[in-house]
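Structural overview for review
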Amino acid sequence: MRMKEMVRRTGVHERLLRYYEQQGLLTPDRLPSGYRVYGEPDVETVRRIRCLLAAGLPTALIAQVLPCIRADGEHLVPTCPDLRAQLRREGERITHAIEDLQKSHAILDSLITAAPSGGTATLSPPRPAAAAAS
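Parameters and conventions
- Residues numbered from 1 in each chain as written.
- Predicted model: local features only at pLDDT ≥ 70, side-chain atom pairs only at ≥ 80, totals over all residues.
- Heavy atoms only, no water.
- Buried < 20%, exposed > 50% of the residue type's maximum accessible area, 1.4 Å probe, protein only.
- Helix = DSSP H or I, 4+ residues; strand = E, 2+ residues; numbered from the N terminus.
- Arc of directions from axis to C-beta.
- Contact = heavy atoms within 4.5 Å.
- Axes fitted to C-alpha atoms, helices over the stretch in contact; angles between N-to-C directions.
- Parallel < 35°, antiparallel > 145°, perpendicular 65-115°, else oblique.
- Left-handed = near helix turned anticlockwise from the far one by under 90°.
- Salt bridge = Lys/Arg side-chain N within 4 Å of Asp/Glu carboxyl O.
- Phe/Tyr/Trp six-rings, centres within 6.5 Å; stacked < 30°, edge-to-face > 60°.
- Lys NZ or Arg CZ within 6 Å of the ring centre and 35° of its normal.
- Disulfide = S-S within 2.5 Å.

Within the span of helix H1 (residues 3-10), buried status applies to Met3, Met6 and Thr10. Buried residues of H1, seen end-on, are gathered within an arc of 60° and therefore sit on one face of the element. Along H1, the residues that are exposed and aim more than 90 degrees away from the buried face are Lys4 and Arg8. Looking at the buried side of H1, the elements it contacts are helix H2 (14-22), strand S2 (36-37) and helix H3 (40-54). With its phi angle positive at about 75°, Gly11 sits one or two positions after the end of H1.

Structure, rendered in structure tokens:
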């Protein structure tokens, strides 16, 4: 199928399909004219990419993960031995990011609710991402 059909089938814009190709996530065949031709497995690959992006994984990690997952009904299942540990580390990274966002949100809330005269907000910035990883 050509690009427009792929867009229709996946709901993903042409620019994103090209981006996925640039990132090594998708490898459509090419006609002699240079046009991309997608197969049925590419539709499923795009669905997996979208699912992994929604889970918060960066495209560099998705490129590593894609060959190590398979579909089991509606769920993706890891097939490579190291994948669970890698995904666990990514989950921890996301947890730290959430904690930092919650701290930022609390600071913002205290600024919003501070009384205009004499009210103060506690200004302790969230820890840097590098400190969160250690």
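The next point concerns the packing of H1 against H3. Here H1 crosses H3 at 45°, and the two axes come no closer than 10 Å. Overall, the two elements H1 and H3 adopt an arrangement that is oblique. Judged by the twist between their axes, the crossing of H1 over H3 is right-handed. In contact with Met6, Arg9 and Thr10 of H1, H3 contributes Glu40, Asp42, Val43, Val46 and Arg47.

Time to look at the pattern of salt bridges. Here the structure, examined in full by the defined rule, presents eight salt bridges. Across the pair Arg8 and Glu5 runs a salt bridge whose closest N-O atoms are separated by 2.7 Å. In this pair, Arg8 and Glu5 are both assigned in helix H1, three residues apart and thus about one turn of the helix distant. A relative accessible area of 29% places Glu5 in the partly exposed class. For Glu40, the salt bridge is made with Arg9, and the minimal N-O distance between the two is 2.4 Å. Here Arg9 lies in helix H1 and Glu40 lies in helix H3, a separation of 31 residues in the sequence. Overall, the relative accessible area of 46% leaves Glu40 in the partly exposed class.

Scanning the model with the defined rule gives one aromatic pair in all. Here Arg2 stacks its cationic end above the ring of Tyr35, 4.3 Å away from the centre of that ring.

Another point: the state of the cysteines. Applying the stated rule across the entire model yields one disulfide. Between the sulfur atoms of Cys68 and its disulfide mate Cys80 the distance is 2.1 Å. Since a negative S-S torsion denotes a left-handed disulfide, the Cys68-Cys80 link at about -80° is left-handed. Residue Cys68 is located in the loop between helix H4 (59-65) and strand S3 (69-72), and its partner Cys80 is located in the loop between strand S4 (75-78) and helix H5 (83-113); the two are separated by twelve residues in the primary sequence. For Cys80, a relative accessible area of 27% puts it in the partly exposed group.

Limitation: the analysis is restricted to geometry and does not speak to function.
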